[in-house]
Amino acid sequence: MSLIIFGDLFTFPEGDASTNRVHTYAKGLIENGVGVSVVCFENEYTNDQEGITGGIRYYHPFGQTERSKYFLIRRWQKFVKYFKAIRLFRKILKTEKIETIMIYTMRLSTHVFAWYLSKITRSKLIKECSEHPLIYYQNGTYKKMAGIVKLKIENKLCDGIFCISHFLIIFFKLHGVPDNKLFLIPSTVDPTRFYHNGETPFPYPYIGYFGGLTFHRDNVDILIKAFASLGNKHPEMNLILGGFCSEKERTQLDNLIKELNLISKVTVLEYLPRNEISKYINHSKILVMLRAKDQETQASFPSKLTEYMSTSNPVVTVKGG
């Protein structure tokens, strides 16, 4: 029996919170005797086209190592990956029966393609939902209508939905999905990543935040301003920020740190692999999590919160989903 985790909402084997959730799904299933393959359908340029990590097989049907400067070639590569994916699934079928495909995407086109793959492999299609399904369809009448149509098609073209929060369970029920198609799978974590080992990466105590470094969704600006107000009371404490941000967001981050005169007290880590970042999380004196108070926050359940808790370090957090 085999399960395929398929989607374009994550990169693999390195990536963000979505990648971490895929890792925990795969590891948990493998430990319970289910064969798992991860098929990353994202248009990721990487030299690591396929391999095995932690016993998890993974593939990249896109199969490109660098971005072409020609538009037509890029479009052709994105078109061809669909045929490469079909060929890959048929290759897997020759060695094992595919029982289930778990689709992890926010795109209708990818969902429909996964449904097609489930039909040619005679397998079940399970939709993984860790975010609000209509997050990108909130503004404008036509946009909202398009979102509802997309939602109805996706709900119809799947055999079940894994929801990360009770909010999403209620949301799908209100949109006509029966109880027997809904399953609550809360935020997952691999605690073995956070066993304390090795020396602390810094010679001083620090508060740690590890996640998206955005001002809008993750409210990192509020965290930095709050830390600035603690400076006189706790001069020995530093703030370590680790995670992904765009160049524009990094500029905002650096400007705020300079404005508050915190250059010597706040360190922004460059991107680090999963196994490396866990060391910084483990040795934090306090771990913190902020998020914006909106519908998106209510629907999701941040993986960093369960990761923080698995370290047994003190955690300060706002309310999650």
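Residues numbered from 1 in each chain as written. Predicted model: local features only at pLDDT ≥ 70, side-chain atom pairs only at ≥ 80, totals over all residues. Heavy atoms only, no water.

Draft legend 1. The overall build of the protein chain, seen in detail. When its secondary structure is counted, the protein chain shows ten helices and 13 strands. Against the compact-globule benchmark of 20 Å for 321 residues, the protein chain has a radius of gyration of 21 Å, which places it among compact chains. Residue pairs in contact within the protein chain that sit at least 24 positions apart in sequence constitute 68% of those at least 6 positions apart. Surface accessibility of the protein chain: about 16,800 Å² in total, with carbon and sulfur atoms responsible for 57%. (Helix = DSSP H or I, 4+ residues; strand = E, 2+ residues; numbered from the N terminus. Rg over C-alpha atoms; globule rule 2.2 N^0.38 Å. Contact = heavy atoms within 4.5 Å. Areas by Shrake-Rupley, 256 points an atom, 1.4 Å probe, with all protein chains shown as cover.)

Draft legend 2. Region of interest: the packing of aromatic side chains. The final tally for this structure, using the stated rule, is 18 aromatic pairs. Ring centres of Phe 171 and Phe 172 lie 5.4 Å apart, and the angle between their planes is 80 degrees; on these two criteria the pair is classed as edge-to-face. By relative accessible area, which is 0% here, Phe 172 ends up buried. Consider the rings of Phe 202 and Tyr 204, whose centres lie 5.3 Å apart with planes at 20 degrees: the pair is stacked. A network of ring pairs unites the aromatic residues Phe 6, Phe 41, Tyr 82, Phe 89, Phe 113 and Tyr 116 as a single cluster. The ring of Phe 41 carries Lys 81 above its face, with NZ or CZ at 4.0 Å from the centroid. A cation over an aromatic ring shows up here: Lys 143 above the ring of Tyr 137, its NZ or CZ 5.5 Å from the ring centre. (Phe/Tyr/Trp six-rings, centres within 6.5 Å; stacked < 30°, edge-to-face > 60°. Buried < 20%, exposed > 50% of the residue type's maximum accessible area, 1.4 Å probe, protein only. Lys NZ or Arg CZ within 6 Å of the ring centre and 35° of its normal.)

Draft legend 3. Representation of unusual backbone geometry in the model. The peptide bond linking Phe 12 to Pro 13 adopts the cis configuration, its omega dihedral lying at 10 degrees. Structurally, the position occupied by Pro 13 is in the loop between strand 1 (2-7) and helix 1 (17-31). Here Ser 312, not a glycine, exhibits a phi torsion of approximately 70 degrees, which is positive. Relative to the elements of secondary structure, Ser 312 occurs in the loop between helix 10 (303-309) and strand 13 (315-317). For Ser 312, a relative accessible area of 68% gives the class exposed.

Draft legend 4. Layout of the environment of Phe 62. Relative to the assigned elements, Phe 62 resides in the loop between strand 4 (56-59) and helix 2 (71-93). Phe 62 gets classed as buried once you look at its relative accessible area, which sits at 1%. Between the alpha carbons of Phe 62 and Lys 94 there is a distance of 21 Å; along the sequence they are 32 residues apart. Apart from residues no more than four positions distant in its own chain, Phe 62 is found in contact with Glu 42, Asn 43, Glu 44, Tyr 45, Gln 77, Lys 78, Lys 81 and Lys 84.

Draft legend 5. Expanded view of the pairing of strand 9 (residues 206-210). For strand 9, a buried count of five out of five residues is recorded, marking the element as mostly surrounded by other parts of the structure. Here strand 9 shows no split at all, with Tyr 206, Gly 208 and Phe 210 on one side and Ile 207 and Tyr 209 on the other all buried. Pairing of strand 9 with strand 10 (residues 238-242) involves five bridges; the strand directions are parallel. By the bridge assignment for strand 10, Tyr 209 is matched with Leu 241. Regarding the hand of the β-α-β motif, the stretch spanning strand 9, helix 6 (residues 220-229) and strand 10 is right-handed. The sheet contact formed by strand 9 and strand 12 (residues 286-289) spans two bridges and is parallel. Directly across from Gly 208, in strand 12, lies its bridge partner Leu 287. (Pairing = 2+ DSSP bridges. Right-handed = clockwise from strand over helix to strand, strands pointing away.)

Draft legend 6. The sheet that holds strand 12, seen in detail. Pairing within the open sheet is parallel, and its five strands lie in the order 11-10-9-12-13. With one partner strand each, in any of the chains shown, strand 11 (266-268) and strand 13 form the two edges of the open sheet. Taken pair by pair, the neighbouring strands of this sheet meet at an average axis angle of 20 degrees, ignoring direction. Most of the contacts of helix 6 go to strand 10, to which it runs at about 165 degrees, and overall it touches strand 9, strand 10, strand 11 and strand 12. (Axes fitted to C-alpha atoms, helices over the stretch in contact; angles between N-to-C directions.)

Draft legend 7. Quick look at helix 2. Taking 1.5 Å as the rise per residue, helix 2 with 23 residues should run 33 Å; its terminal C-alpha atoms sit 34 Å apart, in good agreement. Listing the buried residues of helix 2 in full gives Arg 74, Gln 77, Val 80, Lys 81, Ala 85, Ile 86, Leu 88, Phe 89 and Ile 92. Summarising the contacts, the buried residues of helix 2 are in contact with strand 1, strand 2 (35-40), strand 4, strand 5 (98-104) and helix 3 (108-121). (Expected span 1.5 Å × (residues − 1).)

Draft legend 8. Layout of helix 6. Here helix 6 has its buried residues at Val 220, Asp 221, Leu 223, Ile 224 and Phe 227. In a view along the axis of helix 6, the buried residues occupy a sector of 160 degrees, so they form one face of it. Along its buried surface, helix 6 packs onto strand 9, strand 10, helix 7 (247-259), strand 11 and strand 12. (Arc of directions from axis to C-beta.)

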